Structures are given as structure tokens and as C-alpha cells.
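Residue-level structure breakdown
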Amino acid sequence: MTAEFLDLFQRLTVAFAVGFLVGVERGWTHRDAPEGSRAAGLRTHAIFGLAGGVCGAVGRFVGPAPLAALILAFAAAFIIFKLREADRDKDLSVTGTLAGLVVFALGVYAIHGDLVIASAIGVTLTVLLAFKRALHTWLGGLRAEEINSALFILAATAIALPLLPDRTIDPWNAVNPRELWLLTIVLAGASFAGYVAIRWLGPRAGVILGAMVSAIVSSTVTTADLGRRARAGEAKFLTVSAAAQLASLVMFARVGLLVAIFGGAALDRAGPPLAAAAMVTLAAAGAFFLVSERRADGDARPLALGNPLDLPSVARFALLLGAMLVIGRVLSAHYGPNSLFPFAATAGLADVDAVTLAVSGLVRTGLSPETGANAILLAAVVDTLSKSAIAIFTGGWRFGGLFSLCSIAALAAGLGVWFVL
């Protein structure tokens, strides 16, 4: 048995399997219909897949033109058959027709293309068919504002972003239009993701889980979005405050993980202060959550879930964060990495992760682990203080003041451990 024969057998098997899988879903969906009253069920779709595979195999020998003729003949016959069925049942749905044509096309593709792709598309097609009711229910529950917001983010990403220059345009090499626009997209995406989490998971689980996930990307962006939601009353105040503390917890954990991976020698010095700050932050989050559960904090009035994408708020914060990014770059370029601590402090305004990675690289190439750890901790301190200012700016004095007090307590714990070491 030659390798060519085994390859053809494998490809025909995949073509048949794709049709069989789709046929199982189609047959089960129409299981109550009388025998012979439907055009395509389990056996029919399995035959479609196998027929596509056979046509694809024949096309290897007869060439592309006869293969195209076979495909068109099948498509025409099947469409005529479906038209008769639709006229009889007064059914205007085209899904079954398209499913049959795609199964046949996948059978042909399985012979000439990648088997993994053919299998993946077959499974995707089956999932789309099987989840018809769930997808229609989800679509029926959407609001116009949600669709418009999602389209705005997609247009900003797919249309506007590629048109912007990916280079600095100022004398200080700090202002990159594409990067600043990408920052705005991230902010808008975080705002929209938070809205979706609250709507579908509820104001408690949605706020908590959404904050922890988005903080993996940026705890600063997460804090700003939570501040806006606290000001708008979209969730219980103490729940939002707990979520903001969890976002800071993720930041401390992320910095510690980066140090462990890229600058392990500095972990002995940087790890304990980061852990102490993280423990205080976790305790604050837990306290807020428990108190929120025990008292009627906002339960007397319904939660006001506003616009999924508050463009004025996103624009204001994008300008603020963009300005901080530019200032941090200008100052860090002025001081340079040779002046490590001014560099870490100013660059920490923009991105504590970048500082952590840069300093960890210096530690690997000979910088004192103690000096490197101190620079990383300084960047974390500046990042935490800047988030406190952002919390006040976006969430007002009530949210921002509470966040600032917790941040100061966490920093005090970390500095206390740092002095003891």
C-alpha cells in the first residue's frame, strides 16, 4: 500500500467525517419530521462530504475544468431540490442549502487542501448550526448601543489604526500616533468588555471577574474604567472598590512574575515588598466585598447600566494617559538608563512592565540585583500613586479617596518590608 494511496484514503475519510458530523446535527434537529419529507439529513450530508471528496480526487486526474463542471452540476441539482422543498414547506430559510453546499466544498477541499483546516471548518459549521436557538436568543437581546459600540471599536481597529503612521512625529521621539490611537482602542475595549461582563454576569461577578481579566493587560486602564462605573452608579460602590483593589493585586503579581522570569537574581529583594503590598491589597478587596455583602450598599435603587462605550470619558482619559506616557518618555529619555532611579520613576508613569523588563535585563548583564530591585519597586510605587490620581480623576473623591488610602497602606506595608530587608 503506497503512501499516495494512504494519503488519499485519509483525505476521503476526513471528507466523509465532515459530512457525517454535520449530518448528525441536521438529522437530530429534524428528527421529528417524517421519513422522506426533508432533503438532507444524516446520510445525505455524509454522502455530500464523500461526493465532494470523490470529485476532488477525480479532479486530480481530469484537471480543473472538469472538476469545476462537476461542482457546478452538484450545486445546481441540490439548489433545485432545496427550492422544491422550500416551495412545499413555505420555508424561506437558506441555511440548509448553504450547509449542504459547504459540506460538499469541504469534501473537495479535503482532497486538495489542509486536513486540519477542513476539519476545523467542519466543526465550526456544525457548532453554528447546533446553536441556532442560543444565537438567536443572544441576538434578540442585543441593544442598538451595544452593536454601535462594537462596530466603532472594530472600525477604529481595522480601518483607522492601519492608516496612522507607526513612528514618532515630535523632536523628543515620544509621540507615536498609532501607539496613542491603540491606547485609545484599548481603553474603549476595556470599557466595552466591562459593560458586557456586568450585563451578562451581573453587577457583582461581572465587575470582579472583568476587572481581574482586564488588569492582566493594564491595571491602570481597569482602574479608570471602574472609577467611571462607580461615578455612574453602574455597580455597588464597595463592589467596584473591591474590584479596583483586585486589579492592583494583579499588577503586583504581574511585576513579581516578570522579575522571577527575567531577572531572578533581583527577586529576593523585590519579591517580599511586592508580596506584602499584594497581601494588604487582597485584604482590602476582601473587606470591601464582605462589607458590601452585609449592608445594603446601593441595593435600594436599581443599578443604572449606561452606554456600553462612553466616548467622552474614554477620550478624556485617553488624553490623560497619553500625556502621562509622553511625559514619562521625555523624562526617561532625558535622564537615560544610566540614571536608573530617575528613569524608573518617570518611565513608571507610563508602563511599569516595561521598566521591569528593562531593569531585569540590566540585572542579567551585571547590574547589582539590589539596585535593580529598588528601581523596579520605585516604578511600582510611581505606578500605584499615578493610579490613585487617575481613580480620583475618573471616579471622584469618594472612589478615588478610598482607593488612594488602600494604595498608601499597601505601599507602606511594602516599604516596611523593604526597610527590614
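For the structure itself, look to the data block above.
Here the structure is a predicted model, which means the values were calculated and not measured. (Residues numbered from 1 in each chain as written. Predicted model: local features only at pLDDT ≥ 70, side-chain atom pairs only at ≥ 80, totals over all residues. Heavy atoms only, no water.)

Along its length, the protein carries 16 helices and 0 strands. Residues classed as buried in the protein amount to 44% of the 421 residues present. Long-range contacts, defined as pairs at least 24 residues apart, comprise 76% of the intrachain contacts of the protein with a sequence gap of at least 6. Counting every atom, the protein has about 21500 Å² of accessible surface; 71% of that belongs to carbon and sulfur. (Helix = DSSP H or I, 4+ residues; strand = E, 2+ residues; numbered from the N terminus. Buried < 20%, exposed > 50% of the residue type's maximum accessible area, 1.4 Å probe, protein only. Contact = heavy atoms within 4.5 Å. Areas by Shrake-Rupley, 256 points an atom, 1.4 Å probe, with all protein chains shown as cover.)

For the rest of this paragraph, the subject is helix H9 (residues 205-215). Among all positions in H9, only Gly206, Val207, Ile208, Ala211 and Ala215 are buried. Summarising the contacts, the buried residues of H9 are in contact with helix H8 (177-201), helix H10 (219-232) and helix H11 (237-262).

Before going further, it helps to spend a moment on the packing of helix H7 (residues 144-163) against H8. Between H7 and H8, the least distance of the axes is 10 Å, while the angle of their chain directions is 160°. Classified by the angle between their axes, H7 and H8 sit roughly antiparallel to one another. Considering only the axes of H7 and H8, their crossing is left-handed. When H7 is examined against H8, the residues Glu146, Ser149, Ala150, Ile153, Ala156, Thr157, Ala160, Leu161 and Pro162 are found in contact with a partner set consisting of Arg178, Trp181, Leu182, Ile185, Ala188, Gly189, Phe192, Tyr195 and Arg199. Here the residues of the contact of H7 with H8 are counted per class, giving 12 nonpolar, 3 polar and 3 charged. (Axes fitted to C-alpha atoms, helices over the stretch in contact; angles between N-to-C directions. Parallel < 35°, antiparallel > 145°, perpendicular 65-115°, else oblique. Left-handed = near helix turned anticlockwise from the far one by under 90°. Nonpolar A, V, L, I, M, F, W, Y, C, P; charged D, E, K, R; others polar.)

The next subject is the packing of helix H1 (residues 3-29) against helix H2 (residues 42-62). Following both chains from N to C, one finds H1 and H2 inclined at 155°, their axes separated by 6 Å at the closest point. Relative to H2, H1 is oriented roughly antiparallel. Remark: the crossing between H1 and H2 carries right-handed chirality. Tallied by class, the residues present in the contact of H1 with H2 amount to 12 nonpolar, 6 polar and 4 charged.

Here the focus is the environment of Ser248. Within the secondary structure layout, Ser248 lies in helix H11. You can call Ser248 buried: its relative accessible area is 4%. Separated by 159 residues in sequence, Ser248 and Ser407 place their C-alpha atoms 8.5 Å apart. Once residues lying within four places of it in the same chain are set aside, the contact partners of Ser248 are Thr281, Lys387 and Phe403.

A surface patch of nonpolar side chains, amounting to about 1100 Å² of accessible area, comprises Leu21, Val123, Val127, Leu128, Phe131, Leu135, Trp138, Leu139, Val196, Trp200, Leu201 and Leu209. Every element with two or more residues in the nonpolar patch is listed here: helix H5 (115-130), helix H6 (132-140) and H8. Inspection of the secondary structure puts Phe131 in the loop between H5 and H6. Looking at Phe131, the relative accessible area reads 47%, which means it is partly exposed. (Patch = residues over 30% accessible without salt bridge, like charges linked within 9 Å, V, L, I, M, F, W, Y side chains within 5 Å. Salt bridge = Lys/Arg side-chain N within 4 Å of Asp/Glu carboxyl O.)

All right, on to the packing of aromatic side chains then. In the structure shown here, the tally under the stated rule is 7 aromatic pairs. Between Phe74 and Phe78, the aromatic rings sit 5.9 Å apart at their centres with planes inclined by 5°, giving stacked as the arrangement. Note that Phe74 and Phe78 are positioned in helix H3 (residues 64-89) at a spacing of 4 residues, about one turn of the helix. The same class applies to Phe74 and to Phe78, which are both buried. A ring pair is formed by Trp418 and Phe419, whose centres lie 4.8 Å apart and whose planes are at 70°; its orientation type is edge-to-face. Trp418 sits in the partly exposed class, given a relative accessible area of 23%. Since its relative accessible area comes to 62%, Phe419 is described here as exposed. Members of the aromatic cluster, connected to one another through ring pairs, are Phe48, Phe74, Phe78 and Phe104. (Phe/Tyr/Trp six-rings, centres within 6.5 Å; stacked < 30°, edge-to-face > 60°.)

In total, this model carries 6 salt bridges according to the counting rule given. Note that Asp7 is salt-bridged to Arg60, the shortest N-O span being 3.8 Å. With Asp7 in helix H1 and Arg60 in helix H2, this pair connects stretches of sequence that are 53 residues apart. Arg228 is the salt-bridge partner of Asp225, the closest N and O atoms lying 3.4 Å from each other. You can see Asp225 and its partner Arg228 sitting in helix H10, 3 residues apart, about one turn around the helix.

Below, the discussion takes up the side chain of Arg229. Note on placement: Arg229 falls in helix H10. Judged by its relative accessible area of 1%, Arg229 is buried.

Its 25 residues place the ends of H8 35 Å apart at the C-alpha level, agreeing with the 36 Å of an ideal helix rising 1.5 Å per residue. Turning to H8, its buried residues number three or more, namely Pro177, Leu183, Ile185, Leu187, Ala188, Ala190, Ser191, Phe192, Gly194, Tyr195, Ala197 and Ile198. (Expected span 1.5 Å × (residues − 1).)

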